[in-house]
Amino acid sequence: MLQRQGCVILVLGSGCNTAGSYPQRLNEQLSWVDWVAMDIKGEWADYPEVTGVANSAEKARESVEAVKASGVAYELRVLEGIG
């Protein structure tokens, strides 16, 4: 929060909420955002059943690694009770 001449200016930045399904697209956007929040849909072994996509765990894991390596602030949210 910045204060200037009696005004309060909130600096929120830009962020991205994702499931990590498209790691290449996410990687292209990482330089443009201040933070990333990603939903992890339970255990990696359960991903194909939960998402209905055979290689969805690999894509989500690739996205997690890209976010961690980017230096961008992030939050990983593990969802329970799916499937």
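Note: the structure precedes this text.
Within any chain, residue numbers begin from 1 and follow the written order of that chain's sequence. Confidence filtering applies because this is a predicted model: local features only for residues at pLDDT of at least 70, side-chain atom pairs given and counted only at 80 or more, and all residues used for totals across whole chains, interfaces and linings. Remark: hydrogens and water are excluded; side-chain values derive from all non-hydrogen atoms of the structure.

Here's the deal with the packing of aromatic side chains
Ring pairs (aromatic) are described by centroid distance and by the angle formed between their planes.
Here comes step 1: Between 30 and 60 degrees the pair is tilted, below 30 it is stacked and above 60 it is edge-to-face, where a pair is any two Phe, Tyr or Trp rings, Trp via its six-membered ring, whose centres lie within 6.5 Å. Across all of its chains, the model carries one aromatic pair by this definition.
Here comes step 2: Taken together, a centroid distance of 5.2 Å and an interplanar angle of 40° make the contact between Trp-44 and Tyr-47 tilted.
Here comes step 3: Classification of residues uses two cut-offs on accessible area relative to the type maximum, computed with a 1.4 Å probe and protein chains only: under 20% is buried, over 50% is exposed, and between them is partly exposed. Looking at Trp-44, the relative accessible area reads 28%, which means it is partly exposed.
Here comes step 4: For a Lys NZ or an Arg CZ to count as sitting over a ring, it must be within 6 Å of the ring centre and within 35 degrees of the ring normal. The residue whose ring lies beneath Arg-25 is Tyr-22, and the NZ or CZ to ring-centre distance is 4.3 Å.

Side note on the pattern of salt bridges
Here comes step 1: Throughout this description, the term salt bridge denotes a Lys or Arg side-chain nitrogen within 4 Å of a carboxyl oxygen of Asp or Glu. If you walk through the whole model with that rule in mind, you get two salt bridges.
Here comes step 2: Across the salt bridge formed by Asp-39 and Arg-77, the nearest N and O atoms sit 2.7 Å from each other. Of the two residues, Asp-39 is situated in strand β4 (residues 35-40) and Arg-77 in strand β5 (residues 73-78); the sequence distance between them amounts to 38 residues.
Here comes step 3: Where Glu-75 meets Arg-77, a salt bridge forms, and the shortest distance between an N and an O atom there is 4.0 Å.
Here comes step 4: A relative accessible area of 28% places Arg-77 in the partly exposed class. Secondary structure follows DSSP: runs of H or I at least 4 residues long count as helices, runs of E at least 2 residues long count as strands, and numbering of each begins at the N terminus.

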